[in-house]
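Structural overview for review
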Amino acid sequence: MGTLRAPRRNEEMVARLEDTVDRLIFGSGISSPPVDIEAIALKLGVVKILRRDIDSDAIFVPSPDTPAILLNSSHNETRQRYSCAHEIAHLLLDRNEFAFRGMEEASDRKVEEFCDEFAASLLMPRYLLSKYLPAHRLGMTDIMRLATLFNTSVTATARRALTFSKYPGALVYTIEGGNRDGTSSVPRVKWQVVRGLKHGKGRFHVLAKEVEAGRSIIARAFEANYTCGGLENLMVGPTKHEFFVEAKHFPARSGPFVLALAFPTDSQPNERGDGVHK
Ligand SMILES: [Zn+2]
């Protein structure tokens with residue numbers, strides 16, 4: 001069993017990030033999905049976006065006059081868009097156009113996490129995504145519809161949609177490649193997100209429940225030939241809790257990949273519908 005961890009989020013950083021993205025989006029005149037990510041890069045002064053046979057996802061070539069972004073030509077368009085957005089974050093950091101408390105001593109890993117978060121925000125801006133979010137609890141078909149609309153990966157879309165959904169829920173997914181050799185019925189779970197809860201205490205409560213539930217959800221998804229949905233009573237510590245669970249298998253080049261949404265049925269929608277943002 002892999003380790004489960006909740007993402008560490010700096011509230012101040014998140015708020016600034018969303019505001020920065022809104023400015024970029026409005027400044028670029030973007031009013032409907034999918035976000036024209038290359039137009040934003042060019043508007044920010046990137047002179048060239050090139051597709052090349054490179055080992056990494058993308059490379060940002062900093063230069064005061066002629067900054068460029070190289071994208072991996074073997075990746076599909078959706079992935080290239082994400083990589084391009086990630087490099088835009090590097091560009092803004094490089095120009096000191098974005099900073100948050102603690103950024104100066106941030107580790108490389110922290111910077112990369114930030115760039116990933118920024119990329120997801122840029123491809124699925126708060127105001128644009130909110131327009132297309134369903135009023136009901138998110139389902140897998142909603143995630144798929146949004147991913148197509150925004151031309152974004154299913155995982156990134158699910159994370160982002162849960163962030164702004166009224167319904168506190170969790171996203172659980174297997175490590176890429178999962179349980180390739182089939183020696184265990186329970187693949188490793190990468191991590192999960194709990195969203196939409198206003199109070200820290202409540203958040204921890206639900207997180208504790210879902211950490212355990214996440215394992216069962218993934219296990220059941222595998223047992224049920226990768227697709228299941230409905231109400232599930234899952235053991236969390238000594239007690240049973242009811243969740244509405246939907247899990248789906250996605251074929252991936254590197255192996256089976258399972259993504260699951262879980263909503264505790266005993267929690268109420270957040271009226272504000274603005275997720276973790278206060
Ligand atoms: Zn990076």
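Preceding block: the structure.
What counts, and where the lines are drawn
- The numbering scheme is per chain: residues are counted from 1 as the chain's sequence reads.
- At least 70 in pLDDT is required for a residue's local features to be given in this predicted model, at least 80 for side-chain atom pairs to be given and counted, and no such filter applies to totals for whole chains, interfaces and linings, which use all residues.
- A run of H or I in DSSP counts as a helix once it spans at least four residues, and a run of E counts as a strand once it spans at least two, with each numbered from the N terminus.
- Burial is judged by counting other C-beta atoms within 10 Å of a residue's own C-beta: 20 or more means buried, 12 or fewer means exposed, and anything between counts as partly exposed, with every C-beta placed from the backbone.
- Residue pairs are scored as contacts if the distance between their C-beta atoms, which are placed from the backbone, is within 7 Å.
- Only strands joined by at least two bridges in the DSSP assignment are considered to pair.
- Only the stretch in contact is used when fitting a helix axis, every axis being a line fitted to C-alpha atoms; angles between N-to-C directions are given from 0 to 180 degrees.
- An angle below 35 degrees is read as roughly parallel, one above 145 as roughly antiparallel, one from 65 to 115 as roughly perpendicular, and any other as oblique.
- Working rule for handedness: look at the near helix, and if it is turned counterclockwise from the far one by less than a right angle, call the crossing left-handed; if clockwise, right-handed.
- Note on residue categories: nonpolar means Ala, Val, Leu, Ile, Met, Phe, Trp, Tyr, Cys or Pro, charged means Asp, Glu, Lys or Arg, and polar means any other residue, Gly included.
- Taken from the helix axis, the directions to the C-beta atoms give the arc we talk about.
- Residues of type Ala, Val, Leu, Ile, Met, Phe, Trp, Tyr and Cys that are buried and joined through C-beta atoms within 7 Å form what is called a nonpolar core.
- Here the bounds of each domain stem from an automatic or database domain assignment.

**Some points on the overall build of the protein**
When helices and strands are tallied, the protein shows eight helices and eight strands. Residue burial in the protein is summarised as follows: out of 278 residues, 35% are buried. Restricting to contacts in the protein with at least 6 residues of sequence separation, those with at least 24 account for 62%.

**Thoughts on the sheet that holds strand β1 (residues 48–52)**
With respect to topology, three strands assemble into an open sheet ordered β1-β3-β2, the strand pairing being mixed. Both edges of this open sheet fall to β1 and β2 (58–61), since each of them pairs with a single strand only. Going from strand to strand, the sheet's axes swing by 20° on average, the running direction of each strand aside.

**Side note on the packing of helix α3 (residues 77–94) against helix α4 (residues 108–123)**
Direction vectors running N to C along α3 and α4 enclose 120°, while the axes themselves pass 8 Å from each other. Taken together, α3 and α4 sit at an angle that is classed as oblique. Crossing geometry of α3 relative to α4 is assigned as right-handed. In this structure, α3 contributes Arg81, Tyr82, Ala85, His86, Ile88, Ala89, His90 and Leu93 to the contact, and α4 contributes Val111, Phe114, Cys115, Asp116, Phe118, Ala119, Leu122 and Leu123.

**Topic: the packing of helix α6 (residues 140–150) against helix α7 (residues 154–164)**
At a minimum axis distance of 9 Å, the contact between α6 and α7 shows a crossing angle of 110°. When the axis of α6 is compared with that of α7, the two are roughly perpendicular. In this structure, α6 crosses over α7, and the sense of that crossing is right-handed. Between α6, through Asp142, Ile143, Leu146, Ala147 and Phe150, and α7, the contact on the second element is made entirely by Val154, Thr157, Ala158 and Ala161. Looking at the contact of α6 with α7, its residues break down into seven nonpolar, one polar and one charged.

**Some details on α6**
For α6, every residue scored as buried is listed here: Ile143, Leu146, Ala147 and Phe150. Summarising the axial view, the buried residues of α6 lie within an arc of 100°, below the 170-degree limit, and thus occupy one face. Buried residues belonging to α6 abut α4, α5 (126–132) and α7. Backbone geometry just after α6 places Asn151 at a positive phi near 50°.

**A few points about the nonpolar core**
In this structure, Ala119, Leu122, Leu123 and Ala260 are the most contacted members of the largest nonpolar core, which totals 52 residues. At seven residues, α4 tops the list of elements feeding residues into this core. Shared between two domains, this core holds at least three residues of each, these being domain 1 (11–123) and domain 2 (135–264). Every residue in contact with Leu122, bar those within four places of it in the chain, is listed here: Val21, Leu24, Val35, Ile37, Ala85 and Ile88.

**So, the environment of Ala170**
By secondary structure assignment, the location of Ala170 is in strand β4 (residues 169–174). Separated by 90 residues in sequence, Ala170 and Ala260 have C-alpha atoms that sit 8.1 Å apart.

**Some points on the environment of Phe114**
Positionally, Phe114 belongs in helix α4. Residues Phe114 and His86 lie 28 residues apart in sequence; the distance between their C-alpha atoms is 8.9 Å.

**Concerning the pairing of β1**
In terms of burial, β1 is largely open, as just zero of its five residues are buried. For β1 and strand β3 (residues 68–72), the ladder comprises five bridges, and the chain directions are parallel. Bridging across to β3, Lys48 finds its partner in Ala68.

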